[in-house]
Amino acid sequence: SDWNPAMDAQAQDRAHRIGQTREVHIYRMVTEHSIEENILTKAKQKRNLDFLVMDEGKFHAASVMNNGEHGAEEDSGDEEGFTTGKLRNIFGIANYGGESNHEEETALSKDQIESTMNMLEDEDDVKAMQSARKEAADELQEFDESIQFKQDGDETDTTDDSIGKQDKVAKKSKQKKKKVVLDQKVIDARQIGGDDKDSTKDDDDEKELEKEFANWQSKVGMDATKINDSLNPLELYGLKIKESVDPYFSPYYFAERKKLEEATNTTIEIDLDEIERMKIEEEQRAFEDGDLLSTFPDPEALPRQRQLYSREKARLRAETIKRKLTGQNWITKIDELSKKPFYFNIDTGEAIWEKPNVLQMLEANEAARSGGWRILPLKLLVSIMECLVPFPDRNQCGATCRRWHEAATDISFVKHVWPVEMGALAMNDKKLGKNHFRTIADAISAAVPGDTIELGDGHYWVQYPGLVVDIPLRIIGDEVDPSHVVVELSGDILWKNCGWMEGVTIRRPRIATGIASKSDILRIESGGRLDLFHCIFDNHGSFGNTVSMIGNNSGGRWKKASISGGDKSKSGLLLDDNAFAEFTDCEIRDNAGVGVTCRGAA
């Protein structure tokens, strides 16, 4: 049912009208205690109002013609057309001239009706109508063949027989004139003159054309080949012109084509939560404005309905979560344009080209169950490695196989330090992220044995007294050009354990403070060992050694290293107390004093 009862009545009429020969039964299904009851009630009220006003009030055209102020009952007969009594009722004239209402009425002529209607019009309108009618009559005479025949008859024959012949000719010409298609101007003139024959003739022509088309269609049929065979060459040529050379496209065709292009060029993202929120707000607004009606359910049924609603909602939510975890909410479809498959989420409406992560994880788990621990999912292995200490546990697990080595060296285990050029970003804790630090000292204090610290391109400041590394650690910079990663060191770096350094430049600050440092840049002692590759140590501006290796088994293997800036009373490289060093493609230059000093058994 609909709010408007006329819609239901129209649907019923269509059910009876469209080729229906049997009885039609109409049922209305209404849900109890719902908005549908209000819809049905309002429709009944509107239907009753229509009955009271339109039917019982007789508010229609027939009531205006048949119910005047006086004598309506007497004049409401079965006669058709205008009569004297009906015109009196329209103009409010009763018993004019002492005539009785029961007097037999005669139908008015066309001239009487026109004169009566002219009384209601303005004088200018009447004159204009008469001139138009006269002009139409003059134009009609040009197409009247009977006038010409009558003039010929007056010149040649004057007897009664000639007149009879002229009448016969006139009748034939009138019958022939019905088959002539007149100009649009002539048709308008006939309409102004009140000639109803033209409309009747048009209806007859349309019926004849429809009948002719039905006969032709019944003979030819609906097959396109038979239709083409039935057409003559000229009609086939015209059909080919309209189909290929000059086809006709309606505005509807262009509108639909534009909508299709917009739909293919734009990607629509549907936010179900936002739609649900807008729907709730719209319903609340409708309640407040009084536009939305609601029924009051039975209070005794409310607890049961609430329980059913909660249970159904919980079931739907559980099914949604189940489909999300099992990947059943993803289906494969074919793109209409590229004919390539893509994945579509039936719950959220999301469409992607790549295989969803949940499907990849399920396939990896299935493969791991069938293939064993060697092909465990990478994400699972990374979670396992995260629980291990990087050195030595994680390193030993990485030696198991290639997949375990990939998980042990995952990028998520690397600690990143922001350079000072990204200080604004580093000050925001929300954007700092996991395993990201503002300074090198913070990263070293949070590191565990075997961790890797990565330094991006930029400058890093290390304040006095410097850094102390007493656990196995790796520091990685730019292995191609170490000048891109610069550490401005105020104190020194004391290395007491094994480690690795690559692609880093360590130097003294270039700001003149008036206070010169007396410490070394790098001190390896207490049996510490540091291997490095492609690093630069510059101690210009300090009074100490550039690099010192002191203690039993302290040292390392260095390749492509540069040592410079040693003080004149010190050395660029100092080896003491059984320390050792192995250099390959290294350079020790620009030192004020000795380049390399070896003491004891170094």
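Remember, it's a predicted structure, so these values are computed and weren't measured experimentally.

(A) Focus on the packing of aromatic side chains. A full pass over the atoms with the stated rule returns three aromatic pairs. Measuring from ring centre to ring centre gives 6.1 Å for Phe 342 and Trp 353, while their planes differ by 70°; the resulting arrangement is edge-to-face. In this pair, Phe 342 is assigned in strand β2 (residues 341-345) and Trp 353 in the loop between β3 (351-352) and α17 (357-371), connecting sequence segments eleven residues apart. For Phe 342, a relative accessible area of 15% gives the class buried. Seen from their ring centres, Trp 558 and Phe 583 are 5.6 Å apart, and the 75° between their planes marks the pair as edge-to-face. With a gap of 25 residues between them, Trp 558 in strand β18 (residues 555-559) and Phe 583 in strand β21 (residues 580-584) connect regions that are remote in the sequence. One aromatic cluster is present, formed by Phe 537, Trp 558 and Phe 583 through successive ring pairs. Positioned over the ring face of Phe 344 is Lys 333, at 4.1 Å from the centre of the ring. If you follow Arg 394 out to its NZ or CZ, it ends over the ring of Phe 413, 3.9 Å from the centre.

(B) Molecular detail of the sheet that holds β21. Spatially, the eight strands line up as an open sheet ordered β5-β4-β6-β9-β12-β15-β18-β21, and their pairing is parallel. With partners counted over all chains shown, the strands left at the sheet margins are β5 (436-437) and β21, one partner each. Across five bridges, the pairing between strand β12 (residues 498-502) and strand β15 (residues 529-533) is parallel. In the strand pairing of β15, Glu 502 is matched with Phe 533.

(C) Just the pairing of strand β14 (residues 522-525), in detail. Of the strand pairs in this sheet, strand β11 (residues 492-495) and β14 are connected by three bridges, and their pairing is parallel. Within β14, the residue paired with Leu 494 across the bridge is Arg 523. Across four bridges, the pairing between β14 and strand β17 (residues 547-550) is parallel. Across the sheet, residue Glu 525 finds its bridge partner in β17, namely Ile 550.

(D) Structural view of a nonpolar patch on the surface. A surface patch of nonpolar side chains, amounting to about 440 Å² of accessible area, comprises Leu 49, Phe 51, Leu 52, Val 53 and Met 54. Tracing the backbone shows Met 54 in helix α2 (residues 35-56).

(E) Just the pattern of salt bridges, in detail. Tallied over the entire structure, the rule returns 18 salt bridges. Note that Arg 323 is salt-bridged to Asp 347, the shortest N-O span being 3.0 Å. Of this pair, Arg 323 sits in helix α16 (residues 302-326) while Asp 347 sits in the loop between β2 and β3, and the two are 24 residues apart along the sequence. A salt bridge links Lys 355 to Glu 363; its shortest N-O distance comes to 2.8 Å. Accessibility expressed as a relative area gives 45% for Glu 363, which makes it partly exposed.

(F) The arrangement of the pairing of strand β6 (residues 451-455) in detail. Most of β6 sits inside the fold, with four of its five residues counted as buried. Relative to β6, strand β4 (residues 415-417) runs parallel, the two being bridged by three bridges. Bridged to Lys 415 within β6 is Ile 453. As judged from the four bridges shared by β6 and strand β9 (residues 473-476), these two strands associate in the parallel manner. Each residue of the ladder has a partner; that of Thr 452, found in β9, is Arg 474.

Thresholds applied
Residues numbered from 1 in each chain as written. Predicted model: local features only at pLDDT ≥ 70, side-chain atom pairs only at ≥ 80, totals over all residues. Heavy atoms only, no water. Phe/Tyr/Trp six-rings, centres within 6.5 Å; stacked < 30°, edge-to-face > 60°. Helix = DSSP H or I, 4+ residues; strand = E, 2+ residues; numbered from the N terminus. Buried < 20%, exposed > 50% of the residue type's maximum accessible area, 1.4 Å probe, protein only. Lys NZ or Arg CZ within 6 Å of the ring centre and 35° of its normal. Pairing = 2+ DSSP bridges. Patch = residues over 30% accessible without salt bridge, like charges linked within 9 Å, V, L, I, M, F, W, Y side chains within 5 Å. Areas by Shrake-Rupley, 256 points an atom, 1.4 Å probe, with all protein chains shown as cover. Salt bridge = Lys/Arg side-chain N within 4 Å of Asp/Glu carboxyl O.

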